[in-house]
Amino acid sequence: MSRPTKALIDLTALRHNYALACRLGPQDKTLAVIKANAYGHGAIHIARELEAAVPAFGVACIEEALALRQAGVNKPILLLEGTFTADEVAIAVEQNFWLMVENKHQVQAIVDASLLSPVTAWIKADTGMNRLGFQASEFSSAYQQLKQSPNVCDEIVLSTHLACADDLSNPFTLEQMARFSALTTGLNEPVSLANSAGLLGWQQARAGWVRPGFMLYGVSPFTVRQADADQLKPVMQLQSAVISIRNIASGEAVGYGGTWSARRPSAIATVAIGYGDGYPQQAPQNTPVLINGQRAPIVGRVSMDMTMVDITDLSGVSVGSPVELWGSNLPINEVARHTATSAYELMTRMPSRVPRIYLG
Ligand SMILES: *Cc1c(COP(=O)(O)O)cnc(C)c1O
C-alpha cells in the first residue's frame, strides 16, 4: 500500500566513498560537505552515518548547521559562506560552528563581537573564481586583523575554491594554486583547496583540509573517465514502477501536447514518477530508464506525477515492474547529460515527496 516512487540511499556506498576520499587526502582532515540536505540525500541521516568518521562537516549556512545540532549531531560544522548577519558569530561559538571568513564585513562582525571564547575561523582567498573571498590586495590585511583579534582561535585555515578542477586539462587550476601559494607563503597555518574534483583530479590540491561533497554521493565530477572517480559507488537510486500499460496504433500521440507519436504499433508503459518527484521535465524523448533492468526510452512530455516509456522492444514488462530512473545501473550523469543539467542539480532538487529509504 504505497506509491512505488522512492530514493534508495545506500549507506554502504556512502561509507565507501568517504573512505576513498580519506585515502586520497590527509585522513584526519577530510571534512564532509552535507549542505543542501546532503545534496538531496537527507543531511541528518548522512551526518549520523558519517559522524564517527569525520573530523567536521561543511554546510552553507547557520540554519543548516542548527538543524543538525537539533538532531544531535555534535561534530564541528564549518559554515562555508560564513555569517550572513553579525549575531551569528556568538551562536557559532556556542554551537561549535566554524566560520569561513570571506569579506571585510564578516571580519568586522568577528572582531566586534563579545564572545565567551574565540571562534574558529577559516579565511578564504579569491584566487580567480571571482565569487567569494579576499582578493590578492586585501588578503594579507584581513588575515592580520583576524590573527590579532582575541576573538579568533590561534590557528586560521587558509582556503580557496577551485573554479575549473572538474576539467582535468584546464591549466587554470594550476594557476589558482600558484596564486594561492603566492598569497600564503610564510604563513604557518593549515590550508584547504580541494572540493571533490580537486581532491580526485589534482594531486597538488590534496594538502591540508579537503572538502569533498559531490563525490561522497558516488558520482564523478568529470566528463571523462578517471581512475579514482571510477571507483565511486552511487549512493542514490531513484526508483519507481510501471502502473499502467497500453498498446497504441501507429500515429497515436502520447502525453500532454501530443509531442510524441508512434511510428509503429507500440506498447507504452506509464511510470509513477514525474517532475513533482524531481525527475526533470525537460528530459527529452529517448532519455533512458531501466525497466526490469532493460533500457527503454521515455516518450512524450514528463508529467508532474507520471512519465511514459516506449516498451515495444522489451519483454516481460507488466504492471508493477520496477523502474530505475538513475542509480548504480544507470548513471545519473547520463540522465543529466540528456537533460542538459548536472547531477548536482538533479540530486539537490529532489523534493521531500520522494521518501528516502536508507539501506546498509
Ligand atoms: C560546496 C562546496 C564544496 C564541495 O564541493 P563538491 O564539488 O560538491 O565537492 C567545497 N567547498 C566549498 C567552499 C563549497 O561551497
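Higher on the page you've got the structure.
## Digging into the sheet that holds strand 5 (residues 97-101)
Part 1: In spatial order, the strands read 2-3-4-5-6-7-8; together these seven strands make up an open sheet with parallel pairing. Each edge of the sheet is formed by a strand with only one pairing partner; in this case those strands are strand 2 (32-33) and strand 8 (191-192).
Part 2: Of the strand pairs in this sheet, strand 3 (residues 57-59) and strand 4 (residues 77-79) are connected by three bridges, and their pairing is parallel. For Val-59, the partnering residue across the bridge sits in strand 4 and is Leu-79.

## Here's the deal with helix 7 (residues 136-148)
Part 1: Of all the positions in helix 7, only Phe-139, Ala-142, Tyr-143 and Leu-146 are classed as buried. Looking straight down helix 7, one finds that the buried residues subtend no more than 105° of arc, so they occupy a single side. The exposed residues of helix 7 that point more than 90 degrees off its buried face are Ser-137 and Gln-148.
Part 2: Tucked into the core, helix 7 has its buried residues touching strand 5, helix 6 (104-112), strand 6 (121-125), strand 7 (157-160) and helix 8 (172-184).

## Description of the layout of surface pockets
Part 1: Of the volumes computed, that of the second largest pocket is approximately 180 Å³.
Part 2: Forming the boundary of the second largest pocket are Trp-260, Ser-261, Ala-262, Arg-263, Arg-264, Ser-266, Gln-285, Asn-286, Pro-297, Val-299 and Asp-310.
Part 3: Mapped onto the lining of the second largest pocket, the elements with two or more residues apiece are strand 11 (260-261) and strand 14 (294-299).
Part 4: The residue makeup of the lining of the second largest pocket, split by class, is four nonpolar, four polar and three charged.

## Section: the site of the ligand
Part 1: Taken together, 13 residues are adjacent to the ligand, and Lys-35, Tyr-39, Ser-196, Phe-214 and Tyr-344 come closest.
Part 2: The separation between an oxygen atom of the ligand and a polar side-chain atom of Ser-196 is 2.5 Å.
Part 3: With the chains in place, 92% of the 390 Å² that the ligand exposes on its own is no longer accessible.
Part 4: Residue composition of the shell around the ligand, grouped by class: six nonpolar, four polar and three charged.

## Some thoughts on the pattern of salt bridges
Part 1: One pass over the full model with this rule turns up twelve salt bridges.
Part 2: With a closest N to O distance of 2.5 Å, Glu-49 and Arg-15 form a salt bridge. Of this pair, Glu-49 sits in helix 3 (residues 43-50) while Arg-15 is found in helix 1 (residues 11-24), placing the two residues 34 residues apart along the sequence.
Part 3: The partner of Asp-313 in a salt bridge is Arg-264, and the shortest N-O contact between them spans 3.0 Å. Here the residue Asp-313 occupies a position in the loop between strand 15 (307-310) and strand 16 (322-326), and Arg-264 occupies one in the loop between strand 11 and strand 12 (266-271), the gap between them amounting to 49 residues.
Part 4: Overall, Asp-313 belongs to the exposed group, its relative accessible area being 62%.
Part 5: A cluster of three or more residues bridged by salt bridges with shared partners is formed by Arg-3, Asp-277, Asp-305 and Arg-353.

## Looking at the side chain of His-41
Part 1: Positionally, His-41 belongs in the loop between helix 2 (35-39) and helix 3.
Part 2: Given the relative accessible area of 0%, His-41 is considered buried.
Part 3: For His-41, the contacting residues outside a window of four places in its chain are Ile-9, Ile-46, Tyr-217, Val-235, Met-236, Met-347, Arg-356 and Tyr-358.

## Notes on the pairing of strand 15
Part 1: Of the two faces of strand 15, the one carrying Thr-307 and Val-309 and the one carrying Met-308 and Asp-310 are both buried.
Part 2: Sheet analysis places strand 14 next to strand 15, joined by two bridges and oriented antiparallel. Bridge pairing in strand 15 places Val-299 opposite Met-308.

## Details of the packing of aromatic side chains
Part 1: All told, the structure shown has seven aromatic pairs when counted by the stated rule.
Part 2: Between Tyr-279 and Trp-326 the ring centres are 6.4 Å apart and the planes differ by 20°, which places this aromatic pair in the stacked class. Of this pair, Tyr-279 sits in the loop between strand 12 and strand 13 (288-291) while Trp-326 sits in strand 16, and the two are 47 residues apart along the sequence. In this structure, Tyr-279 and Trp-326 share a single accessibility class: buried.

## Structural notes on unusual backbone geometry
Part 1: The backbone phi angle of Asn-130 is positive, close to 60°, even though this residue is not glycine.
Part 2: Mapped onto the elements, Asn-130 comes out in the loop between strand 6 and helix 7.
Part 3: Unusually for a residue other than glycine, Asn-286 sits at a positive phi of about 85°.
Part 4: Mapped onto the secondary structure, Asn-286 falls in the loop between strand 12 and strand 13.

## What about the packing of helix 6 against helix 7?
Part 1: Relative to each other, helix 6 and helix 7 sit at 15°, their axes nearing to 10 Å. Taken together, the axes of helix 6 and helix 7 are roughly parallel relative to one another. Like other packed secondary-structure pairs, helix 6 and helix 7 cross with a definite hand, here left-handed. Together, Val-107, Gln-108, Ile-110 and Val-111 of helix 6 and Ala-142, Gln-145 and Leu-146 of helix 7 make up the contact between the two elements.
Part 2: The class makeup of the residues in the contact of helix 6 with helix 7 is five nonpolar, two polar and no charged.

Calculation notes
Residues numbered from 1 in each chain as written. Predicted model: local features only at pLDDT ≥ 70, side-chain atom pairs only at ≥ 80, totals over all residues. Heavy atoms only, no water. Pairing = 2+ DSSP bridges. Helix = DSSP H or I, 4+ residues; strand = E, 2+ residues; numbered from the N terminus. Buried < 20%, exposed > 50% of the residue type's maximum accessible area, 1.4 Å probe, protein only. Arc of directions from axis to C-beta. Contact = heavy atoms within 4.5 Å. 1 Å grid on protein atoms, 1.4 Å probe; cavity = no way out; pocket = protein on both sides within 12 Å on 5 of 7 lines; lining within 4 Å. Points joined across faces, edges and corners; volume = space filled by probe spheres on them. Nonpolar A, V, L, I, M, F, W, Y, C, P; charged D, E, K, R; others polar. Near = heavy atom within 4 Å. Polar contact = N/O pair within 3.5 Å; in protein donor to acceptor, adjacent residues only side chain to side chain. Areas by Shrake-Rupley, 256 points an atom, 1.4 Å probe, with all protein chains shown as cover. Salt bridge = Lys/Arg side-chain N within 4 Å of Asp/Glu carboxyl O. Phe/Tyr/Trp six-rings, centres within 6.5 Å; stacked < 30°, edge-to-face > 60°. Axes fitted to C-alpha atoms, helices over the stretch in contact; angles between N-to-C directions. Parallel < 35°, antiparallel > 145°, perpendicular 65-115°, else oblique. Left-handed = near helix turned anticlockwise from the far one by under 90°.

In short, geometric facts, not functional conclusions.
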